[in-house]
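Architecture and fold: a report
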Amino acid sequence: MVIDMEQELARNTYVLQEDGNLGTVKIADDVVAMIAALAAAEVEGVAAMGGTVSNELLKKVGMKSLAKGARVEVLNQKVKAELSITMEYGFNIPATCQQVQNKVKSAIENMTGLEVTDVNIRIAGIHVAKEK
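None of the values given here were measured: they were computed from a predicted structure.

**Overview of the environment of K78**
Along the polypeptide, K78 turns up in strand 6 (residues 78–88). Here the alpha-carbon distance between K78 and L114, two residues 36 residues apart in the chain, equals 5.8 Å. Within polar-contact distance, the side chain of K78 engages the side chain of E115 at 2.9 Å.

Structure below.
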């Protein structure tokens with residue numbers, strides 16, 4: 001049972017830095033996905049990640065729910081990110097998605113040192129604000 005857990009952890013973590021004198025720095029793929037989700041959620045016009053959680057509800061449901069709309073694959077220090085987002089009504093979809101792609105790529109590369117090769121986006125829905 002312990003070996004299975006170690007194999008699972010090893011499969012979902014990646015070495016960022018290895019130094020014989022100081023040790024090894026590893027990062028979990030869930031952390032890279034969280035970075036992608038947080039970066040995408042900062043872009044104006046993005047209402048939610050994964051089409052399920054609005055930004056207003058994020059504090060109530062927790063950070064794990066945010067990352068459900070982001071999935072990453074890391075292979076040979078290269079990242080492929082896939083995001084599912086809900087857009088706010090009235091925003092230009094191609095322009096907003098371009099901003100999301102740039103923001104996600106920049107955030108992952110700056111925070112982890114990994115190279116981002118792809119940021120694929122799926123529009124899961126459109127959020128229409130209710131009038132008061």
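On we go from here.
**Some remarks on the pattern of salt bridges**
Tallied over the entire structure, the rule returns five salt bridges. We note a salt bridge from K78 to E115, for which the minimum N-O separation is 2.9 Å. One end of the pair, K78, is in strand 6; the other, E115, is in strand 7 (residues 115–127), and 37 residues separate them in sequence. Of the residues examined, K78 reaches a relative accessible area of 38% and is grouped as partly exposed. A relative accessible area of 39% means that E115 is categorised as partly exposed. Residue K105 is joined to E109 by a salt bridge in which the shortest nitrogen-to-oxygen separation is 2.7 Å. Of this pair, K105 and E109 both sit in helix 5 (residues 93–112), four residues apart, roughly one helical turn. Via salt bridges that share partners, R71, K80 and E82 belong to a single interconnected network.

**Details of helix 2 (residues 29–41)**
Between its first and last C-alpha, helix 2 extends 18 Å over 13 residues, near the 18 Å set by a 1.5 Å rise per residue. Looking only at helix 2, the buried set comprises D29, V32, A33, M34, I35, A36, A37, A39 and A40.

**Focus on the pairing of strand 2 (residues 23–28)**
Judged from the six bridges that link them, strand 1 (residues 13–19) and strand 2 form a sheet pairing that is antiparallel. Looking across to strand 2, one finds that Y14 is bridged to I27. The antiparallel pairing of strand 1 with strand 2 creates a hairpin that spans three residues between the two strands.

Each value, and the rule that gives it
Residues numbered from 1 in each chain as written. Predicted model: local features only at pLDDT ≥ 70, side-chain atom pairs only at ≥ 80, totals over all residues. Heavy atoms only, no water. Helix = DSSP H or I, 4+ residues; strand = E, 2+ residues; numbered from the N terminus. Polar contact = N/O pair within 3.5 Å; in protein donor to acceptor, adjacent residues only side chain to side chain. Salt bridge = Lys/Arg side-chain N within 4 Å of Asp/Glu carboxyl O. Buried < 20%, exposed > 50% of the residue type's maximum accessible area, 1.4 Å probe, protein only. Expected span 1.5 Å × (residues − 1). Pairing = 2+ DSSP bridges.

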